[in-house]
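Close look at the chain arrangement
Okay, here's what each chain looks like letter by letter:
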Amino acid sequence: MPDPAVPPTPPVPLTALLAREDLGLRQLAGPPAEEVVLHWVHTSEMADPYPYLLGGELLLSAGVHIPEAVGPGTSYFDDYVSRIVAAGGAALGFGVAPVHDTVPEALVAACASHGLPLLEVPPRTTFSGVARAVWQLMARARLAELRRVTEAQQSLATAASRPDPVPSVLRQLAQRLGGWAVLYGPEGTEIASAGRKPGEEARAALTRLTEVVRPSRPTQAASAAPHSGSNPGAPRQAEPGAPTRSEPPAAAAPTDPSRPAPASATDSVAGLHLAAYSLGAGHGFVLGVAAPQRTAGDHTVASVAAVLLSLLTGEQQSGTGAARSSALVRMLLGVPPEEVASLLGDGPWVVVRARPDGDGASDPVAASALGAALGSALVDPAEDVVRVLVPADRAPADPLPGWTLGVSAAVEPEDWPAADTQAARALARARATRAPLLRHGARPALADLVPPGEAAAHARALLAPVTAHPALTETLRTWLSLHGSWDRTAVALSVHRNTVRQRIARCAALLATDLDDPDVRMELWFALRHS
């Protein structure tokens, strides 16, 4: 049976169609419904439907094509069913009205003989109703698949922004595909892996498959051998949703080195679906995947992981490496930042300072992953802090799991040093308050410039003469907040205005200061906010 040219939509299990009580379908022959999937529906009354089938169909017929003279001793039904099977048909639905009252027994026997599922369509069920049910089930399956792919993309992106990005991406990919994910280095060695490791035969086949997509050396074909007597072919290119046949692997055969290596290749060995994806622009890293099954969205999920791993294993090309090198050299030779900023991209810019959660220091790969998550290749990894220069329109809006971030205000290149100081202060406040992300305000408050501990100590010392009298402290706080209004303070405290005057005078005497001085009022208000 040829592989059907299936559409890029998830197939519909035959069991789901049989479970529709409104249709009343009944299977009369063929393999168990659990082993059958449908890709579409086609109605035909042709005696030979082969030329009109693509494969994977539920073929619907009312038996109009059956000659009246057909008897039990003829081969008509056997020939009819064999042609459906040869075309790759998935199942046959036979309507018992209006032409036939029952499904012909010879048709049931032929379907049983050729292993074609045969469904009885009752008189109350129209063929259009069956087709509509299949499309509804297909739409639901497609929506579920899109939701699964979207969730996988989000989880992979989150994993790529963690301090251990490569292992995190591989673990997430292996979990999403239910198999094994491995990163191969330029020399073909396994750098990192996650998931259940397959057997030696599958691992060897996957290693050979990586040579097909690795551009750094002449490629090798790890192909699946077809039927006996045929020449071994190259591995099939990845096709979302396309069924693959489990075939024994053939020996690797050299291919034309002048041809560009494909971006991906697939194979099937020992009941596992294998896939290899080239990473980066010629660095030689390859992502390998081995999974027990391959659904329509698996190729998309693996491709997203390949893109993220490409960013993690090679230089991000948001700007050319030559331009960045030129900018660095010019700055080292004394050219002001504003004169080289045009080589790096449009401004303004923000400086992001980041520290990984926990006590561990970030490694270069984690720093590169952070830059990729922020959309910038201008990354400076240090022992405990990573600094990233980011265009202002890409400034982080949400926290990144595994990191604590401090973000500066948007500045022009000549103010980069000041922005770095702002980011450092924002990061310090974020760590002190256990906030995952804090930004430097465009107009920082006085409290932002003084460490909290020092501010509290200053408040205790300044307000010590009045703190023993809670009524005085509360009156002073209310009076300052209402800009020295006697009447409004009296109303707020439910006391007479003379009482307010007496208390404020007492505060001035105890503090030995002039409360009409605006500088004094400002300092007292600062102290009261930190008391």
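Residues numbered from 1 in each chain as written. Predicted model: local features only at pLDDT ≥ 70, side-chain atom pairs only at ≥ 80, totals over all residues. Heavy atoms only, no water.

**Focus: the sheet that holds strand E8 (residues 180–184)**
Heads up, the condition is: Any two strands with at least two DSSP bridges between them are considered paired. The way it works is that DSSP assigns letters per residue, a run of H or I at least four long becomes a helix, a run of E at least two long becomes a strand, and they are numbered from the N terminus. Here, axes are lines fitted to C-alpha atoms. For helices the fit covers the stretch in contact, and angles between N-to-C directions go from 0 to 180 degrees. A contact between two residues is defined here by any heavy atoms of the two lying within 4.5 Å.
On the basis of which strands lie adjacent, the open sheet formed by five strands has the order E9-E8-E14-E13-E12 and antiparallel pairing. Each edge of the sheet is formed by a strand with only one pairing partner; in this case those strands are strand E9 (190–195) and strand E12 (264–269). Averaged over all adjacent pairs, the angle separating strand axes in this sheet is 15 degrees, with direction ignored. Across six bridges, the pairing between E12 and strand E13 (residues 272–278) is antiparallel. Its bridge partner being in E13, Ser264 is matched across the sheet by Tyr277. Helix H5 (residues 165–177) contacts E8, E9 and strand E14 (286–291) of the sheet and is inclined by roughly 40 degrees relative to E9. Contacts from helix H6 (residues 200–213) reach E8, E9, E12, E13 and E14, with the element oriented near 30 degrees to E13.

**Examining the pattern of salt bridges**
Stated formally: Put simply, a salt bridge is a Lys or Arg side-chain nitrogen that is within 4 Å of an Asp or Glu carboxyl oxygen. Here's how the labels work: a residue is buried when its accessible area is under 20% of the maximum for its type, exposed when over 50%, partly exposed in between, all with a 1.4 Å probe on protein chains only.
Inspection of the entire model under this criterion finds 14 salt bridges. Of the charged contacts in the structure, one is a salt bridge between Arg353 and Asp420, with a shortest N-O distance of 2.9 Å. Of the two residues, Arg353 sits in strand E15 (residues 349–356) while Asp420 sits in helix H11 (residues 416–433), which places them 67 residues apart along the sequence. On the accessibility criterion, Asp420 (16% relative accessible area) is buried. In this structure, Asp487 engages Arg497 in a salt bridge whose closest nitrogen and oxygen atoms are separated by 2.7 Å. On the criterion of sequence distance, the pair formed by Asp487 in helix H14 (residues 486–493) and Arg497 in helix H15 (residues 497–511) is long-range, its members being ten residues apart. For Asp487, a relative accessible area of 44% puts it in the partly exposed group. Its relative accessible area of 32% is what places Arg497 among the partly exposed residues. Each of Arg353, Asp380, Arg387 and Asp420 takes part in a single network of salt bridges with overlapping partners.

**Comments concerning the nonpolar core**
Threshold: We define a nonpolar core as any set of buried Ala, Val, Leu, Ile, Met, Phe, Trp, Tyr and Cys residues linked to one another through side-chain atoms lying within 4.5 Å.
Membership of the largest hydrophobic core comes to 29 residues, with the highest contact counts inside it found for Val169, Leu170, Leu173, Leu287 and Leu309. At the level of secondary structure, the elements contributing two or more residues to this core comprise helix H4 (127–160), H5, E8, E9, E13, E14 and helix H7 (298–313). Take this core: its biggest share by element is seven residues, from H7. The residues touching Leu309, leaving out its near neighbours within four places in the chain, are Val166, Val169, Leu170, Leu279 and Leu287. In this structure, Leu58, Ala90, Val130 and Leu137 belong to the second largest nonpolar core, which totals 21 residues.

**Observations concerning the packing of aromatic side chains**
Keep this limit in mind: In this analysis, rings of Phe, Tyr and Trp, with Trp reduced to its six-membered ring, are considered paired at centre separations within 6.5 Å, and the interplanar angle assigns stacked below 30 degrees, edge-to-face beyond 60, and tilted for intermediate values.
Under the criterion given, the structure shown has four aromatic pairs. Ring centres 6.5 Å apart and planes at 5 degrees place the aromatic pair Tyr76 and Tyr80 in the stacked group. With Tyr76 and Tyr80 both in helix H2 (residues 76–86), this residue pair falls four residues apart, about one helical turn. Its relative accessible area of 18% is what places Tyr76 among the buried residues. When its relative accessible area of 3% is taken as the criterion, Tyr80 is described as buried.

**Topic: the confidence of the model for the protein chain**
Defined as follows: One confidence number per residue, pLDDT, is output by the predictor and ranges from 0 to 100.
Summing up the model confidence of the protein chain, the mean pLDDT is 80 and the portion of residues at 70 or higher is 80%. Long-range and interchain partners of residues 216–255, a stretch whose pLDDT sits below 50, account for 87 contacts in this model, where long-range means more than four residues apart. Contacts of residues 315–320 to residues separated by more than four positions or lying in other chains number twelve contacts, the stretch itself having pLDDT below 50.

**A word on the sheet that holds strand E6 (residues 91–95)**
The strand order E2-E7-E6-E5-E4 describes an open sheet built from five strands, whose pairing is mixed. Each of the sheet's edge strands pairs with one partner strand only, and the pair in question is strand E2 (26–29) and strand E4 (40–43). In this sheet, neighbouring strand axes are inclined to one another by 30 degrees on average, regardless of whether the strands run parallel or antiparallel. Set on the sheet, H4 makes contact with E4, strand E5 (57–61), E6 and strand E7 (118–121); between it and E4 the angle comes to about 165 degrees.

**Examining the pairing of E8**
Among the five residues that make up E8, five are buried, leaving the element largely enclosed by the rest of the structure. As paired elements, E8 and E9 share five bridges and run antiparallel to each other. Directly across from Val182, in E9, lies its bridge partner Ser193. If you look at the hairpin formed by E8 and E9, you'll find five residues sitting between the two strands, and Gly188 has a positive phi there, around 90 degrees. Looking at chain direction, E8 and E14 are connected through five bridges and run antiparallel. Bridged to Ala181 within E14 is Val289.

**As for the packing of helix H12 (residues 452–467) against helix H16 (residues 518–529)**
Put simply, the rule reads: Note: crossing handedness is left-handed where the near helix turns anticlockwise from the far helix by less than a right angle, and right-handed where it turns clockwise. Nonpolar residues are Ala, Val, Leu, Ile, Met, Phe, Trp, Tyr, Cys and Pro. Charged residues are Asp, Glu, Lys and Arg, and all others, Gly as well, are polar.
Taken N-terminus to C-terminus, the directions of H12 and H16 make an angle of 115 degrees; their axes are 8 Å apart at the nearest point. Along this stretch, H12 crosses H16, giving a crossing that reads as left-handed. Where H12 abuts H16, its residues Ala455, His458, Ala459, Leu462 and Leu463 lie against Glu523, Leu524, Phe526, Ala527 and Leu528. Here the residues of the contact of H12 with H16 are counted per class, giving eight nonpolar, one polar and one charged.

**Considerations on the side chain of Asp420**
Applicable threshold: Pairs of N or O atoms within 3.5 Å make up the polar contacts considered here, provided that, within protein, one atom can donate a hydrogen while the other can accept it, and that residues adjacent in sequence are counted only when both atoms are side-chain atoms.
Side-chain polar atoms of Asp420 contact the side chain of Arg387, separated by 2.8 Å. Contacts of Asp420, omitting those with residues within four sequence positions, involve Val351, Arg353 and Arg387.

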